[in-house]
Every structure is written in C-alpha cells, then in structure tokens.
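As a plain string of letters, each chain reads:
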Amino acid sequence: LTGVLDDCLCDIESIDDFNTFKIFPKIQKLQERDYFRYYKVNLKRPCPFWADDGHCSIKDCHVEPCPESKVPVGIKAGSSNKYSKAANNSKELEDCEQANKLGAVNSTLSNQSKEAFIDWARYDDSQDHFCELDDERSPDAQYVDLLLNPERYTGYKGTSAWRVWNSIYEENCFKPRSVYRPLNPLAPSRGGDDGESFYTWLEGLCLEKRVFYKLISGLHASINLHLCANHLLEETWGKPRWGPNVKEFTRRFDPIETKGEGPRRLKNLYFLYLIELRALSKVAPYFERSVVDLYTGNGHEDAESKALLLDIFRDTKSFRMHFDEKSMFAGDKKGAKSLKEEFRLHFKNISRIMDCVGCDKCRLWGKLQTQGLGTALKILFSEKEIQSLPENSPSKGFQLTRQEIVALVNAFGRLSTSIKELQNFKVLLQQTR
C-alpha cells in the first residue's frame, strides 16, 4: 500500500512513520495503566435482532459465568447479581475453575483493583452523563481486565460470524438491498460481477455516507488484522504458541486471493485511523482542564496517566495531514442535523448488533471498538461544545464517562497496533518470497 488515501489529503507513508515513531509506543504504555485496562461490559445481553443461534463452544471463545460467591466484591458492588439455580451445580463450578485457561475472558481482579472500582463507581455516579451507556448498572455487567484478555484468533467463524457482519453492512451502511458488497457468502450469486457495481454505487454517494461505510470496513479490517497477528500457531502439551500467521493474512488481504478487495480494506483501516486520530486532537481541551482527573484512587499514578495522555494529545495535534471533518455536514443546517442524527442511530444499532456475536472474547472487543468509534464521532460532532467548556466545572454541554474514555483510547490503541502489525507482515512477506 502506498500513496494518497481517497477523501482526504493524507498519504499512507506519513501515517506509518507517525504511528511507528510517535504514537504506538506511548499508546501501548497508556493502555497498561489501571484507568485504561479495566472495561465494564455485559457479555450476557440477548441478541435483539434474531433468535440466538448458540454461543461458540470453543474454549478460546466462551466462558461460563462464575457463581456469585466466586465473583470479586469490587465487580458486583451495589448489586445482588443473583444467578439462576442452574449456575450453582457442580458442572458450572468446574467450568468456572477452567475459566482462566486459554482464551477465556478473565474477570479476576486484585484487592487493590476492587477498592479502586468502588471509588470509580462513586466518581462516575457524580458526573453528568452525556448519554446513557451500555447497561453499566446491570447485574450482568462486569469489569474485565483487557490486558489479561488480549484480542486474538479464537476459531469463531462461519455463518454465525458472517451473519453479524452481514447485518452491519447490509442494514446499516445506507445501502440499497439490490447492491451487494464483494465476497459476501451470504449474498445471492452475482455471476461474473466481482463487486464493481458496489463500488460504482459507493462512489455515487455523498461524502458522509461514503465515510460511514469506510469506517465500518476499516474496523472490520483492523479486527481481521489482530486475528492474523495473534494467531494460534501450535498447541503442544497444552502450551499454546501465538504469533503472526502469514497464510491467514494472505487469505484475508492478498489482492489476488481477495479479487482486489484486500487493499481496499486496508486503505479503509488507514482512513479509520485518521478519523480517530482527529477526534483525539479535538478532545484535548476537555482533558487539559484541571477539573478532569483520570481517577483510580492512586494520586501518583493518576497524575502520570494524565501527563502521558496529554503528551499523546500534543503528538496528535502536531500531525499535519488531519482529516478535515468540516467537509462533512457542511450543507444546510436542517439537512446536516438530520444526517448527523442518522449517523448516531446507525452507530447505536451497530453497537446493539455486537450483542449477537456468539464468542465472548469477540463480543468484548467488538463492543469496545464500536463504542470507541462512536465516542470519536461524538467528539467530532461536538467541536463547539468542547471549545466552550468551563475550566473549573463539569460541563453539561459535553461530557465523557469513564467507559467512553476507556473505549476511545483502547479502540485507537487497536488501530495503532493494526498499522504496526501491517508493517510486520510486509517484512514477513518479503522474507517468504
């Protein structure tokens, strides 16, 4: 991949250099901080769009909920968190003991973390939420340590996984049902058409709707890259070895294997990176205020985390080829407002589709990255509110909850990692030739 991206004035090489030498090392460090490593998520919400087709039974995917007595106090603070009687039989107890094995979602926390969460809950409750987030108060919502549950290949694939992406693309990307995206196994056969009619249609869209599709495609590409880069290479004597799988990468992105589709997907990944990078540069004034704390209860660590975050913001501002979001929604005010509302509703719908993912680990990272992108869009649509924030008091005009902040940073961290991994695959491909 080389050259200038569509719909913006930035080239791929500039992003590669900027990400590798400035952003990636710092965002990695930030994600290791307590404030950003724990994410509250409900992995038990039923799919709202179709009958549940059963959760993934692969051990890398699925984890049974632990009985209440096994759940750390800090996770269930403020709720009774009752499980059904069926959750207390011996099989469930055995499954719970196995929950920390390969690929399971690990929700165990240290005593220090438990105490911090009680403080976090108090702190978050005192804030004015900008919008209602994903059922944080539900008894089924739990904190997950993202560092103990890295996003990687789980074996979850086939019709169930395709159905989720198909619903996102076919029903939420402003797309007529008569136009099928390329290489979609759930779409009717189109004979010799390799998807060119799809791209003819896409180029005819207004910028805003074209951007929406590219964001979703970029997110899809990024997730696929993570799975290729952190693949189960072998499992001997119960000791798994994870690493980059060149064959899997080629299958998903090679121009010949994907009939030219792979490079388009990767370009959309870069486009998504630019959008979220722009959001980080725009939200900096919100965090630069003394009234905003990255609160964990550890004053020294909180100060260090905020200093590192502000350092990253300075880097994002120094980037010279930002996407110009002013080119979007630039028409008449009534039309622009209506289109923004459509964006909001479509993203809300996509976040709900993530509850249809049958693999717990895939669902965890899907929900986090979707929420991170939704937060980035919220920031880009709130520039005036951010610019007029009061220095010494919370603002009702623009507010970010801790969940949105954690999702924003980790979602961008995933994109940064994707672009870094793409450089690694380039080297590996050259070595295999």
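Everything quoted here is computed from the prediction, not taken from an experiment.

A. Representation of the overall build of the protein in the model. For the protein, the count of helices and strands is 14 helices and four strands. Across the 433 residues in the protein, those meeting the buried criterion constitute 53%. A fraction of 77% describes how many contacts in the protein between residues 6 or more apart in sequence connect residues 24 or more apart.

B. Broad picture of the side chain of Q399. Turning to its location among the elements, Q399 is positioned in the loop between α13 (383–387) and α14 (402–432). Side chain to side chain, Q399 and Y286 meet in a polar contact 3.3 Å long.

C. A look at the packing of aromatic side chains. Inspection of every chain in the model, using the stated rule, returns 15 aromatic pairs. When the centroid spacing of 5.0 Å and the interplanar angle of 85 degrees are considered together, the rings of F198 and Y199 count as edge-to-face. Note on accessibility: F198 and Y199 belong to one class, buried. The interplanar angle of 10 degrees and the centroid separation of 4.3 Å between the aromatic rings of F249 and F425 together place this pair among those described as stacked. Residue F249 is found in helix α8 (residues 246–253), and its partner F425 is found in helix α14; the two are separated by 176 residues along the sequence. The burial state of F249 is the same as that of F425; both residues are buried.

D. Fine view of unusual backbone geometry. A positive phi is found at L183, a non-glycine position, where the angle reads about 55 degrees. Mapped onto the secondary structure, L183 falls in the loop between α5 (159–172) and α6 (196–203). Assessed through its relative accessible area of 32%, L183 is described here as partly exposed. Positioned with a positive phi, K259 is a non-glycine residue whose angle comes to about 55 degrees. Within the secondary structure layout, K259 lies in the loop between α8 and α9 (261–288).

E. Region of the structure containing the pattern of salt bridges. Applying the stated criterion across every chain, the model contains 19 salt bridges. Taking the shortest distance from any N to any O, the salt bridge between K26 and D315 comes out at 2.7 Å. With K26 in helix α1 (residues 12–31) and D315 in helix α10 (residues 299–318), this residue pair connects regions lying 289 residues apart in the sequence. With a relative accessible area of 23%, K26 lands in the partly exposed category. Its salt-bridge partner being E248, residue R252 comes within 2.8 Å of it at the nearest N-O pair. On the criterion of helical spacing, the pair formed by R252 and E248 is a turn pair, its members being four residues apart in helix α8. Note on R252: relative accessible area 16%, which makes it buried. Residue E248 is classed as buried on the basis of its relative accessible area, which comes to 13%. Beyond isolated ion pairs, a larger network of salt bridges with shared partners links K26, D311, R314 and D315.

F. Region of interest: the UniProt feature "active site" (unreviewed entry) in the protein. Per the UniProt record, the feature "active site" (unreviewed entry) sits at C359 and C362. The residue C359 is located in the loop between α11 (333–353) and α12 (360–380) in this model. Taking relative accessible area as the criterion, C359 reaches 0% and is therefore assigned buried. Looking at where C362 falls in the secondary structure, it is placed in helix α12. Look at C362 and you get partly exposed, because its relative accessible area is 24%.

G. Broad picture of the UniProt feature "binding site: FAD" (unreviewed entry) in the protein. Under the local residue numbering, the UniProt record ascribes the feature "binding site: FAD" (unreviewed entry) to R152, T154, W165, S217, H220 and R252. Filtering out sequence-adjacent residues up to four positions away, S217 remains in contact with Y169, R265 and N268. When you line up the elements, H220 lands in helix α7 (residues 207–229). For H220, a relative accessible area of 12% gives the class buried. With near-sequence residues (within four places) excluded, H220 lies in contact with W165 and Y169.

Calculation rules
Residue positions are given per chain, counted from 1 along the sequence in the order it is written. Only residues with pLDDT of at least 70 get local features here, since the model is predicted, and only at 80 or more are side-chain atom pairs given and counted; chain-wide, interface and lining totals rely on the full set of residues. Hydrogens and water are ignored here; the side-chain numbers use all heavy atoms of the structure. Secondary structure elements are taken from DSSP: a helix is a run of H or I of four residues or more, a strand is a run of E of two residues or more, and numbering for both begins at the N terminus. Only protein chains enter the accessibility calculation, which uses a 1.4 Å probe; a residue is then buried when its area is under 20% of its type maximum, exposed when over 50%, and partly exposed in between. In what follows, a contact means two residues having at least one pair of non-hydrogen atoms within 4.5 Å. The term polar contact refers here to a pair of N or O atoms within 3.5 Å; inside protein, the definition further demands a hydrogen-donor-capable atom paired with an acceptor-capable atom, and it admits residues adjacent in sequence only when both atoms are side-chain atoms. To pair, rings of Phe, Tyr and Trp, with the six-membered ring standing in for Trp, must have centres within 6.5 Å; the planes then decide the type, stacked if under 30 degrees apart, edge-to-face if over 60, and tilted in the middle. The term salt bridge refers to a side-chain nitrogen of Lys or Arg lying within 4 Å of a carboxyl oxygen of Asp or Glu. UniProt positions are given in the numbering used here, feature names are shortened, and annotations may be inferred rather than shown by experiment.

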